Amino acid sequence: MDNDLYSQLREKMVQLQILSRGIADTKVLEAMRKVPRHLFVPEGLIELAYLDCALPTSNGQTISQPYIVAYMTERLQLKMSDRVLEIGTGTGYQTAILSEASSCVVTVERIPELYQSAKVRLESLGYDNVTCILGNGYEGFIPESPYDKIIVTAAAPFIPDALISQLSPNGRMIIPVGSGSQELILVTKDENGEIKEEKDLSVIFVPLVEK
Ligand code: SAH
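Below you will find a few notes about this structure. Every residue gets a number counted from 1 within its own chain, in the order that chain's sequence is written. The predicted nature of this model means local features are confined to residues of pLDDT at least 70 and side-chain atom pairs, given and counted, to a pLDDT of 80 or more, with totals for whole chains, interfaces and linings taken over all residues. With hydrogens and water set aside, each side-chain value is computed from the structure's full complement of heavy atoms.

1. Description of the overall build of the chain
Secondary structure follows DSSP: runs of H or I at least 4 residues long count as helices, runs of E at least 2 residues long count as strands, and numbering of each begins at the N terminus. Counting its regular elements, the chain contains 6 helices and 9 strands. The atom set for the radius of gyration is the C-alpha atoms, and the globule formula is 2.2 Å times the number of residues raised to the power 0.38. Its C-alpha atoms give the chain a radius of gyration of 16 Å, within 12% of the compact-globule value 17 Å for 211 residues. Along the first, second and third principal axes, the C-alpha atoms of the chain reach 50 × 35 × 35 Å. Residue exposure (1.4 Å probe, protein chains only): buried if accessible area is under 20% of the type maximum, exposed if over 50%, otherwise partly exposed. The buried share of the chain, taken over its 211 residues, is 52%. When contacts within the chain are restricted to residue pairs at least 6 apart in sequence, long-range pairs at least 24 apart make up 52% of them. Summing over all exposed atoms, the chain offers an accessible surface of approximately 9800 Å²; the carbon and sulfur share of this is 51%. Here the positive residues are Lys and Arg and the negative ones are Asp and Glu; neither His nor the chain ends is included. A single reference atom marks each charge: NZ on Lys, CZ on Arg, CG on Asp, CD on Glu. Distance between charge centres in the chain, computed from 19 positive and 28 negative side chains, equals 2 Å. The contact definition used throughout considers only heavy atoms, calling two residues in contact when any of these lie within 4.5 Å. All accessible-area figures derive from a Shrake-Rupley calculation using a 1.4 Å probe, and residue coverage is judged against the displayed protein chains alone.

In structure tokens, the structure reads:
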């Protein structure tokens, strides 16, 4: 299939899965129209890349459903000047969406093979405002902190303190929390460093592994 056909599939995805469910942030919509999701899924699943579902990737992980990627990104209220931390690089698809709508993204992955393949993929697609880190997401990444926005794409049993402390004043973080059933929690830090937590959508993510 040529690129025109993939961009038509993306437009259809945006119309039927994203716009129709109320996502309105133009930066998010533009990024979803632009990032070639079919280049982030395993080769055997390319034809399923634009379907309304999560897909399996290597090492027992998943690439999230397009709507959930758009939803979580919209909840961050990204500005083009934002510095973003992502925990759980996986394929790098969510990373690419963030990269299109912010000034820079630091993304942390614990599995060496996934870290390596996402790094190569993102570099080859020209996402040059992204820094890939091999490490433990519970610790965030202090050298580049603080971050205006933080997104965690694996479910944690609790909100890691290190992530809260690496969030800037007026920052926002979206994180799935829970073991069986999980909910997105939106964490906001005000200008005085006061933290507020709000429950959001129910979701299903792979676990944020502790060790
Ligand atoms: N955002 C990804 C999907 C992430 S799946 C995408 O768009 O493709 C969750 C990822 O979190 C997996 O790659 C998993 O290896 C990673 N992960 C799980 N626990 C982690 C931890 N403690 N630190 C960093 N990454 C972790």
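2. Some remarks on the nonpolar core
Across soluble globular proteins, nonpolar side chains have a tendency to be buried as a group. Counting residues in each nonpolar core, the largest one holds 43 residues, and the members touching the most others are Ile23, Met32 and Tyr93. When contributions to this core are tallied by element, the ones reaching two or more residues are helix H1 (3-18), helix H2 (26-34), helix H3 (66-75), helix H4 (93-100), helix H5 (112-124), strand S5 (130-134) and strand S8 (182-189). Ranked by the residues each element gives to this core, the list is headed by H3, at 6 residues. The residues touching Ile23, leaving out its near neighbours within four places in the chain, are Ile18, Val28, Leu29, Tyr67, Ala70, Tyr71 and Glu74. By nonpolar core we mean a set of buried residues, namely Ala, Val, Leu, Ile, Met, Phe, Trp, Tyr and Cys, connected to one another through side-chain atoms within 4.5 Å. Ranked by size, the runner-up nonpolar core spans 23 residues in total, among them Tyr138, Tyr147, Val152 and Ile159.

3. Looking at the site of the ligand
Taken together, 25 residues surround the ligand, and among them Thr91, Glu109, Gly137, Thr153 and Val209 come closest. The backbone of Arg110 places a nitrogen or oxygen atom 3.3 Å from a nitrogen atom of the ligand. Here Gly137 contributes a backbone N or O atom positioned 2.7 Å from a nitrogen atom of the ligand. Notes on the ligand: free accessible area 580 Å², of which the protein chains cover 99%. If you map the ligand onto the pockets, it falls in the largest pocket. As a working rule, the residues Ala, Val, Leu, Ile, Met, Phe, Trp, Tyr, Cys and Pro are called nonpolar, Asp, Glu, Lys and Arg charged, and the rest polar, with Gly in that last group. Here the residues of the shell around the ligand sort into 11 nonpolar, 11 polar and 3 charged. The nearness test applies per residue and asks whether one of its heavy atoms lies within 4 Å of the molecule or strand. Between N or O atoms, a polar contact is any pair within 3.5 Å; within protein, one atom must be a potential hydrogen donor and the other a potential acceptor, and residues adjacent in sequence are included only when both atoms are from side chains. Of the two site types, the cavity is a set of points on a 1 Å grid over the protein atoms alone where a 1.4 Å probe fits but cannot get out, and the pocket is an open set with protein on both sides within 12 Å along at least five of seven lines, each lined by residues with an atom within 4 Å of a point. To qualify as sitting in a cavity or pocket, a molecule needs more than half of its atoms within 2 Å of the grid points.

4. Here's the deal with the sheet that holds strand S7 (residues 167-177)
The 7 strands are arranged S5-S4-S3-S6-S7-S8-S9 in an open sheet whose pairing can be described as mixed. Each of the sheet's edge strands pairs with one partner strand only, and the pair in question is S5 and strand S9 (195-203). Strand after strand, the sheet turns through a mean of 15° between neighbouring axes, direction not considered. Alignment of S7 against S8, held across 6 bridges, turns out to be antiparallel. Considered in S8, the bridge of Ile174 is made with Leu186. Helix axes are fitted only over the stretch in contact, all axes being lines through C-alpha atoms; the angle between N-to-C directions runs from 0 to 180 degrees. Contacts from H3 reach strand S6 (147-152), S7, S8 and S9, with the element oriented near 165° to S9. For two strands to count as paired, DSSP must find a minimum of two bridges between them.

5. Some words on the packing of H2 against H4
At a minimum axis distance of 9 Å, the contact between H2 and H4 shows a crossing angle of 130°. What the angle tells us is that H2 and H4 run oblique. The two elements H2 and H4 meet at a crossing, and its hand is right-handed. Of the residues in H4, those in contact with Ala31, Met32 and Lys34 of H2 are Tyr93, Ile97 and Glu100. Its residues placed into classes, the contact of H2 with H4 shows 4 nonpolar, no polar and 2 charged. Angle categories are assigned with fixed cut-offs, so that under 35 degrees is roughly parallel, over 145 is roughly antiparallel, 65 to 115 is roughly perpendicular, and the rest are oblique. Left-handed describes a crossing whose near helix is turned anticlockwise from the far helix by less than a right angle; the clockwise case is right-handed.

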